[in-house]
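Reading the structure
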Amino acid sequence: MAPSLPLVPSLDLPVVLLSHRGPVSFGRDPVSGERTASRGAGGLVTALSGLAGHLERAVWVCVAAGQADGEVSAEAGDAPLRLALDGDPRILGEGDVADREVAVRLVDVPAEVHEPFYGVIANPLLWFVQHRLHDLKTSPSIGREERAAFEDGYVVANTLAADAVVAQVERAGGKAIVLLHDYHFYLVGRLVRERCPDAVINHFVHIPWPGPEAWQVLPPDMRERLLLGLLGCDVVAFHTRADARAFVLCAQELLDLPVDLSAMTVTTGGRTVHVRAYPISIDVAALEQQASTDASDEHLADLDERLAGGQLVLRVDRTDPSKNIVRGFTAYDLLLTEHPELHGRVLFLALLQPSRQDVPEYAQYLADIGAAAASVNARHGTGDWQPVDLRLASDMDLATAAYRRCDVLVVNAVADGMNLVAKEAVIVNERDMVLALSEATGAHDELGSFAVTLHPFDVAQQADALHAALTMSPVLRRDRREHAAQVVHRNDVRRWLTVQLNDLADLRHG
Ligand code: F6P
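Residues numbered from 1 in each chain as written. Predicted model: local features only at pLDDT ≥ 70, side-chain atom pairs only at ≥ 80, totals over all residues. Heavy atoms only, no water.

**Some thoughts on the overall build of the chain**
For the chain, the helix and strand inventory stands at 18 helices and 19 strands. The globule rule puts the C-alpha radius of gyration for 510 residues at 24 Å, and the 23 Å found for the chain is close to it. Burial analysis of the chain (510 residues in total) assigns 56% to the buried set. Relative to all contacts within the chain whose residues are 6 or more apart in sequence, the contacts with residues 24 or more apart total 75%. Of the roughly 20,700 Å² that the chain leaves accessible, carbon and sulfur atoms contribute 50%. A distance of 4 Å separates the average location of the 45 positive side-chain charges in the chain from that of its 70 negative side-chain charges. (Helix = DSSP H or I, 4+ residues; strand = E, 2+ residues; numbered from the N terminus. Rg over C-alpha atoms; globule rule 2.2 N^0.38 Å. Buried < 20%, exposed > 50% of the residue type's maximum accessible area, 1.4 Å probe, protein only. Contact = heavy atoms within 4.5 Å. Areas by Shrake-Rupley, 256 points an atom, 1.4 Å probe, with all protein chains shown as cover. Lys, Arg positive; Asp, Glu negative; His and termini not counted. Charge placed at Lys NZ, Arg CZ, Asp CG, Glu CD.)

**As for the domain arrangement of the chain**
Partitioning the chain into structural domains gives domain 1 (12–109 + 156–283 + 492–510) and domain 2 (284–490). Here domain 1 and domain 2 have C-alpha centroids that lie 31 Å from each other. Taken residue by residue, the interface counts 14 residues in domain 1 and 19 residues in domain 2. On the domain 1 side of the interface with domain 2, the three residues burying the most area are Ile282, Asp283 and Asp492, jointly 42% of the side's total. Our count for the contact surface shared by domain 1 and domain 2 stands at zero salt bridges. Tallied by class, the residues present in the side of domain 1 that touches domain 2 amount to six nonpolar, five polar and three charged. (Domains from an automatic or database assignment. Buried area = accessible area lost by both parts, 1.4 Å probe. Salt bridge = Lys/Arg side-chain N within 4 Å of Asp/Glu carboxyl O. Nonpolar A, V, L, I, M, F, W, Y, C, P; charged D, E, K, R; others polar.)

**Looking at unusual backbone geometry**
Cis peptide bonds are those with omega within 30 degrees of zero, and the linkage from Ser139 to Pro140 qualifies with 5°. Turning to its location among the elements, Pro140 is positioned in the loop between helix H3 (111–130) and helix H4 (144–171). The backbone of Asn324 shows a phi angle near 65°, a positive value even though the residue is not glycine. With respect to the helices and strands, Asn324 occurs in the loop between strand S14 (311–318) and helix H11 (325–338). Even without being a glycine, Asn419 presents a positive backbone phi close to 85°. Mapping Asn419 onto the fold places it in the loop between strand S17 (408–411) and helix H14 (420–428).

**Digging into the sheet that holds strand S15 (residues 346–353)**
Here we have six strands laid out as an open sheet, ordered S16-S15-S14-S17-S18-S19, and parallel in their pairing. Of all strands in the sheet, those bounded by a partner on one side alone are strand S16 (388–392) and strand S19 (452–454). Across the sheet, the mean angle from the axis of one strand to that of its neighbour is 20°, orientation sign disregarded. Of the pairings in the sheet, the one linking S15 to S16 comprises five bridges and is parallel in character. What sits directly across from Leu349, in S16, is Asp389. Relative to the sheet, H11 contacts S14, S15 and S16, its axis offset from that of S15 by approximately 175°. In the packing of helix H13 (residues 396–405) onto the sheet, contacts are made with S14, S15, S16 and S17, and the angle to S14 comes to roughly 140°. (Pairing = 2+ DSSP bridges. Axes fitted to C-alpha atoms, helices over the stretch in contact; angles between N-to-C directions.)

**Regarding helix H18 (residues 493–509)**
An ideal rise of 1.5 Å per residue puts 24 Å on 17 residues; H18 measures up with 25 Å between its terminal C-alpha atoms. For H18, the full list of buried residues reads Val493, Trp496, Leu497, Thr498, Gln500, Leu501, Leu504 and Ala505. Buried residues in H18 make contact with helix H1 (43–52), strand S8 (177–181), strand S9 (200–204) and strand S10 (235–238). (Expected span 1.5 Å × (residues − 1).)

What follows is the structure, given as structure tokens:
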């Protein structure tokens, strides 16, 4: 095995990571029936996958998502699997070596637990509260089914995950750095703390954290358990200072705990919990490599030919209501109505990955997206020009080609913890694109001064901002994109993790 990069020289403890999705997902080839392994999806998993192979003595605990994952987990028993993270993902046998590998422990969460955990509580309820997506006239409505889903789904899945984390900490002699991730596992910190008092526990929340009023849509017992679960950690971390501050205010107002807003600490049970902000980023070198493949080049050539010198407006998103895709099309519709001179000269390419289609709100949203795109094309399209090209797929080669070619990247999210698409595009773009970036994204804290700011609910402002972006002077475009790229280069994903681990090491020794 190649020597690990010295990410954190002072780190003398093993690391136990927990996230819902893991670096690899197993399946079966429909024809041969052979086991397949593919890379896990999502920004968080991509970020952690790039780093985990460089950490010494790390074990990544994640949920066995489907039947094939479950089989692999059953075969492995309690021992973590060794997975190669260089090239195509694969399980390493005894004696096998890889340039980068990580130990993975898959937690079997039975389907009857996973469905309410993920499909009733984590996604529709917590995701919607934290992105403020509820329409309070009618939702949320927390009845017997939701309460049962919390107890028999969320609590049970969190307990199973905590058991697996505790087992890994105990294998390491009770001392480890525990890095918990995301809204799926708010109860785990406290459960691990009770059984592993010597572990240093950090929970990173990757999605927005709203203030106390937003949390009041949840019944007191539910929101208190979630907050107390997080407060079992030594550190609760977010992408922005505003989210971190909102968490401290929740501890103060919803739990009546003493807090210090300048030190950003909460005192509970005689312990001090630190609340911090670390903006996540991307693996710049890996992205640049992905954007220089033959497949990316071919897509770029196709796009160039099709655009014939015209301008490309791009968005790359999951089909999540928080991404505000429908309002984005409404704004583009208004732009085309008010600026007929753009007709035939601009294309809006929307590369959208269908997401969480087992959740009714998401299935409906996907239908709404299709209808909104069709309506723009019906209103403004002609025989040889369709203003919107909607692609429902996940294709990284096409995405990198579109990042390289676009003139404007639209990110108009209603709320977004960070938004890594914005960071990816400014790095590989070859035309001094303009970033049109929602003020409600974490990325806006770092990149807002180099972007055209979008207000997520003001479609008239979005239409004006898109026009400003499409007509910006070349000098200004270049200056802004270069500055944005410098920001991303300076704070890449490695720095994101290194700073956190250094801070955790200080906490332990301090
Ligand atoms: O942090 C939010 C997040 O976990 C991202 O990593 C990812 O984009 C998304 O949510 C994945 O959601 P899901 O696992 O439900 O597809």
